[in-house]
Amino acid sequence: MISLSTYLKRGMDLSLFSPSLLFSLPLTLFPSLSSYVGVTYLNVYHDIIMDLLNPSDKHIKVRNHGDLGDYLENAAELSVKSTPDVLRLFHQGSKIRKVVELEKGIPSTKCHTVFIISTEYKMSQDSVIRSRIVLCNVAGLNHRTDDHVKGALSALDTVLTDLSGSSGTVSGYNGSKLTQILRSVLNKNSFLHFIGHLGPTTAR
């Protein structure tokens, strides 16, 4: 028996015979019409965004550009040419995450991780289509969950509730750093898939 996060990242039997979601997704990008593919890997703890591909003391902020939309200021986006490149950077960032958590005493169960694959498709000389695949591992909710995690999950719930309604008004994006990062994909121009890991609890 393996955990859901392990299955999503590494596959059922940790081999190519049962590939993970992370392994399968880039296969649809290489080869393709993509003129550019880049990856970003982030860790969010206590509403502080950390870059797992280029760790530094710089504060990462979510900004908005009139033409490009939301972008992450001071966060690395590394160009990749193949599926092995994507997997290599993912595992590199995961190792850095473990080191940071050990050095700073950060419990992994209280962190959100976001892995972003950005693509650009050059349709013509003057036409470029930009898209993103975002894999987000959200911290779980239990009796030991702190206020920062609860706040982020509450903001995410508010956004999803508004998106499922008919008013067309979405609030809550600024409720946490997590929802700010996800704002570009939490809209009606995106396809969202949620995979939940539910375990038994003791009845009281």
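Structural notes, computed from the coordinates.

Cut-offs used in this document
Residues numbered from 1 in each chain as written. Predicted model: local features only at pLDDT ≥ 70, side-chain atom pairs only at ≥ 80, totals over all residues. Heavy atoms only, no water. Pairing = 2+ DSSP bridges. Helix = DSSP H or I, 4+ residues; strand = E, 2+ residues; numbered from the N terminus. Phe/Tyr/Trp six-rings, centres within 6.5 Å; stacked < 30°, edge-to-face > 60°. Buried < 20%, exposed > 50% of the residue type's maximum accessible area, 1.4 Å probe, protein only. Core = buried A, V, L, I, M, F, W, Y, C linked by side-chain atoms within 4.5 Å. Expected span 1.5 Å × (residues − 1). Contact = heavy atoms within 4.5 Å.

With 11 bridges joining them, strand 6 (residues 112-124) and strand 7 (residues 127-137) adopt antiparallel strand pairing. Looking across to strand 7, one finds that phenylalanine 115 is bridged to leucine 135. As consecutive antiparallel partners, strand 6 and strand 7 are separated by 2 residues.

To describe a pair of aromatic rings, you give the distance between the ring centres and the angle between the ring planes. This model, assessed by the stated rule, comprises 3 aromatic pairs. Here the aromatic rings of tyrosine 41 and phenylalanine 90 are separated by 5.2 Å at their centres, their planes lie at 20°, and the arrangement is stacked. Here the residue tyrosine 41 occupies a position in strand 1 (residues 34-45), and phenylalanine 90 occupies one in helix 3 (residues 83-104), the gap between them amounting to 49 residues. Of the two residues, tyrosine 41 and phenylalanine 90, neither departs from the other in class, the shared state being buried. Note on tyrosine 41 and phenylalanine 115: the rings are 5.2 Å apart at their centroids and 85° apart in plane angle, and the pair reads as edge-to-face. Here the residue tyrosine 41 occupies a position in strand 1, and phenylalanine 115 occupies one in strand 6, the gap between them amounting to 74 residues.

Here we take up the nonpolar core. Burial of nonpolar side chains together is a common tendency in soluble globular proteins. By size, the foremost hydrophobic cluster in this structure holds 19 residues, and its most contacted members are Leu42, Ile49, Leu72, Val114, Ile181, Leu182 and Leu186. Elements with a contribution of two residues or more to this core: strand 1, strand 6, helix 4 (147-164) and helix 5 (177-182). If you tally residues by element for this core, the top one is helix 4, at 4 residues. Residues Val39, Tyr41, Leu52 and Leu89 belong to the second largest nonpolar core, which totals 11 residues.

A few words now on helix 4. Its 18 residues place the ends of helix 4 25 Å apart at the C-alpha level, agreeing with the 26 Å of an ideal helix rising 1.5 Å per residue. For helix 4, the complete set of buried residues consists of Val149, Ala152, Leu153, Ala155, Leu156, Val159, Asp162 and Leu163. Here the buried face of helix 4 lies against strand 6 and helix 5.

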